[in-house]
Amino acid sequence: MNRCFWPENRKVFLYGDLQGEPELRVEIASYLRQIRGVHCTPEQIIIGAGTYHSLDLLFQLLRDEVKTIASEDAVNAGTKALLGQHGFECRPLRLEADGIKLEDVYESGAQAVYVTPSHQFPFGMTLSAGKRIRLLKWAQEQQAYIIENDYDGEFRYGGKPIPSLQGLDNGGRVVYVGTFSKVLTPSFRISYLVLPPMLLERFRLMRHSYDQLASPILQKTLQLFMQAGDFERHMRKMRSLYQRKRDILLQAIRQHMPEDMEVIGADSGLHILIRMHNGLDEAQLIARAKQAGVAVYPTSTYALVPGLVPPSTVLLGFGGLSAEHIREGIVRLADVWRD
Ligand SMILES: Cc1ncc(COP(=O)(O)O)c(C=O)c1O
């Protein structure tokens, strides 16, 4: 960050490129190719100030063409709010162990689908390779779009890595959405869209009511960090650190929790879900955890349609906790969730 203020980087004091700094876009394109199998040029990338800013931009681009969006039936609050604000009709897609139910997509009549295929948020399943191919085929036949939110695709601990939908797409139907919030830190507020050529053209023709919202200073900092190879080193280190934390979490659960509870979505990402079968509902699980000084989070709030709420299921994050806190947290939860 100090280097941003060296004389040759004077342009960080200006508003910056509407699409995001070109030098950063070069780094992101190369990173996405290597790590996520995304095929794009730096010109296809639009930097944003967080996923919701990027989705807001994208929905502006789609609004005239798309009336109905089919979405995984559990989505985070920000996405749900944006879909509503842009006036899209939403069709829920039921979730199975290998991702969305394709029959629901075929019946949706939608012109776009919103998915988190690497690690469904919040349920954590991965969209299978077979379903990816069928979804792409559907999008090609219907001339529909697939919005691929790959918010934490970098952290996968088991099984074969599955390439992004964008990397499998030959027809320009996938919009890839990414963020540095998980791989680095949310306080950078830097996200990006990878647009297919047709939407890129539309972005260029669009009247823009504001300038680029991601700070050129932070964009420059990130570019220098990536260019020097430090980001790649950071990623390698964090992947093994998070895997270790996840293993400690699963081991503590096996040791202290009752046998009939379920762990959901532990193959990737920075959170897991726990489903209890002890008669306590979601609110009771959260309230008892809070009394014990442990924060666990609801999953019912993510239901796209009221009524599709999973029973007694809570979310636990482990990315920012020490091994000791993880173990202690599980011991306390097992204690207060008994009976
Ligand atoms: C599905 C999903 N997308 C994106 C993000 C990150 O959003 P942002 O880039 O605004 O930090 C999150 C954060 O938890 C998320 O759950």
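All values derive from a computational prediction rather than experimental measurement.

How each quantity is defined
Residues numbered from 1 in each chain as written. Predicted model: local features only at pLDDT ≥ 70, side-chain atom pairs only at ≥ 80, totals over all residues. Heavy atoms only, no water. 1 Å grid on protein atoms, 1.4 Å probe; cavity = no way out; pocket = protein on both sides within 12 Å on 5 of 7 lines; lining within 4 Å. Points joined across faces, edges and corners; volume = space filled by probe spheres on them. Helix = DSSP H or I, 4+ residues; strand = E, 2+ residues; numbered from the N terminus. Nonpolar A, V, L, I, M, F, W, Y, C, P; charged D, E, K, R; others polar. Domains from an automatic or database assignment. Core = buried A, V, L, I, M, F, W, Y, C linked by side-chain atoms within 4.5 Å. Buried < 20%, exposed > 50% of the residue type's maximum accessible area, 1.4 Å probe, protein only. Contact = heavy atoms within 4.5 Å. Polar contact = N/O pair within 3.5 Å; in protein donor to acceptor, adjacent residues only side chain to side chain. Pairing = 2+ DSSP bridges. Axes fitted to C-alpha atoms, helices over the stretch in contact; angles between N-to-C directions. Expected span 1.5 Å × (residues − 1). Phe/Tyr/Trp six-rings, centres within 6.5 Å; stacked < 30°, edge-to-face > 60°. Lys NZ or Arg CZ within 6 Å of the ring centre and 35° of its normal.

K.L.:
Would you explain the layout of surface pockets in this entry?
P.N.:
The method is simple in principle: a probe with the dimensions of a water molecule rolls over the atoms, and the space it marks as empty is what remains. Of the voids in this model, the largest pocket is the one considered here, and its volume is about 630 Å³. Along the wall of the largest pocket there are 29 residues; nearest its centre are Asn76, Phe121, Tyr151, Ser181 and Lys182. Taken together, the elements giving at least two residues each to the lining of the largest pocket come down to α2 (51-62) and β13 (313-317). Tallied by class, the residues present in the lining of the largest pocket amount to 14 nonpolar, 11 polar and four charged. Looking at the lining of the largest pocket, you find at least three residues from each of domain 1 (2-228) and domain 2 (232-336). The computed volume of the second largest pocket comes to approximately 310 Å³. Every residue lining the second largest pocket is counted, 16 residues in all, and those nearest its centre are Val294, Ala295, Leu321, His325 and Gly329. At the level of secondary structure, the elements contributing two or more residues to the lining of the second largest pocket comprise β13 and α11 (323-336). Element by element, the count of residues in the lining of the second largest pocket is highest for α11, at seven residues.

K.L.:
I tried to follow the nonpolar core on my own but got confused; where do I start?
P.N.:
Counting residues in hydrophobic clusters, the biggest one holds 51 residues, and the most contacted among them are Phe180, Met257, Ile274 and Trp337. The residue makeup of this core includes at least three contributed by each of domain 1 (2-228) and domain 2 (232-336). Among all residues touching tryptophan 337, those that are not within four sequence positions of it are Met257, Ile274, Met276, Asn278, Leu280, Leu285, Arg288, Ala289, Val296 and Val314. In this structure, Leu57, Val75, Leu199 and Phe203 belong to the second largest nonpolar core, which totals 25 residues.

K.L.:
Can you help me understand the side chain of arginine 25 in this one?
P.N.:
Following the sequence through the fold, arginine 25 ends up in helix α1 (residues 22-36). Residue class for arginine 25 comes out buried when judged on its relative accessible area of 7%. For arginine 25, the side chain forms a polar contact with the main-chain oxygen of proline 42, separated by 3.0 Å. Setting aside residues no more than four positions away along its own chain, arginine 25 makes contact with Asp17, Gln19, Gly20, Pro42, Glu43, Ile45 and Ile47.

K.L.:
Quick question: what am I supposed to make of the sheet that holds β13 here?
P.N.:
The strands making up a sheet are joined through hydrogen bonds of the backbone, oriented either antiparallel or parallel. Here four strands make up an open sheet; going across it, the order is β10-β11-β13-β12 and the pairing antiparallel. On the outer flanks of this sheet lie β10 (262-264) and β12 (297-298), each paired with one strand and no other. Helix-sheet contacts for helix α10 (residues 282-291) involve β12 and β13, and the interaxial angle to β13 is about 40°.

K.L.:
When you look at the pairing of strand β9 (residues 191-194) in this model, what are you seeing that I'm missing?
P.N.:
Each regular strand displays side chains that alternate between the two surfaces of the sheet. Covered by surrounding structure in β9 are Ser191 and Leu193 together with Tyr192 and Val194, the residues of both alternating faces. Alignment of strand β1 (residues 45-48) against β9, held across four bridges, turns out to be antiparallel. Note that in β9 the partner of isoleucine 47 across the bridge is tyrosine 192. As defined by bridge partners, strand β8 (residues 174-179) adjoins β9 across four bridges and the pair is classed as antiparallel. Across the sheet, tyrosine 176 pairs through a bridge with valine 194, a residue of β9.

K.L.:
Just to check I follow, could you spell out α2 for this structure?
P.N.:
Between its first and last C-alpha, α2 extends 16 Å over 12 residues, near the 16 Å set by a 1.5 Å rise per residue. The buried fraction of α2 amounts to nine of the 12 residues, a majority that puts the element mostly inside the structure. Along α2, the residues that are buried comprise Thr51, His53, Ser54, Leu55, Leu57, Leu58, Phe59, Leu61 and Leu62.

K.L.:
I keep staring at the environment of tyrosine 297 and nothing clicks. Help me out?
P.N.:
Within the secondary structure, tyrosine 297 sits in strand β12. Each C-alpha atom, one on tyrosine 297 and one on alanine 144, is 34 Å from the other, the two residues being 153 residues apart in sequence.

K.L.:
Any chance you could explain the packing of aromatic side chains here in plain terms?
P.N.:
Two measures describe an aromatic ring pair: the distance that separates the ring centres and the angle between the ring planes. This structure, assessed with the given rule, holds 10 aromatic pairs. Consider the rings of phenylalanine 155 and tyrosine 242, whose centres lie 5.0 Å apart with planes at 85°: the pair is edge-to-face. Here phenylalanine 155 is found in the loop between β7 (145-149) and α6 (165-168), whereas its partner tyrosine 242 is found in helix α9 (residues 230-256), with 87 residues between them in sequence. Under the relative-accessibility criterion, phenylalanine 155 is labelled buried at 0%. Cluster of aromatic residues (ring-pair linked, three or more members): Tyr31, Phe180, Tyr192, Phe225 and Phe231. Above the face of the tryptophan 6 ring, arginine 3 is positioned so that its terminal group lies 5.5 Å from the ring centre. The ring centre of tyrosine 145 lies 4.6 Å from the NZ or CZ of arginine 173, which sits over that ring.

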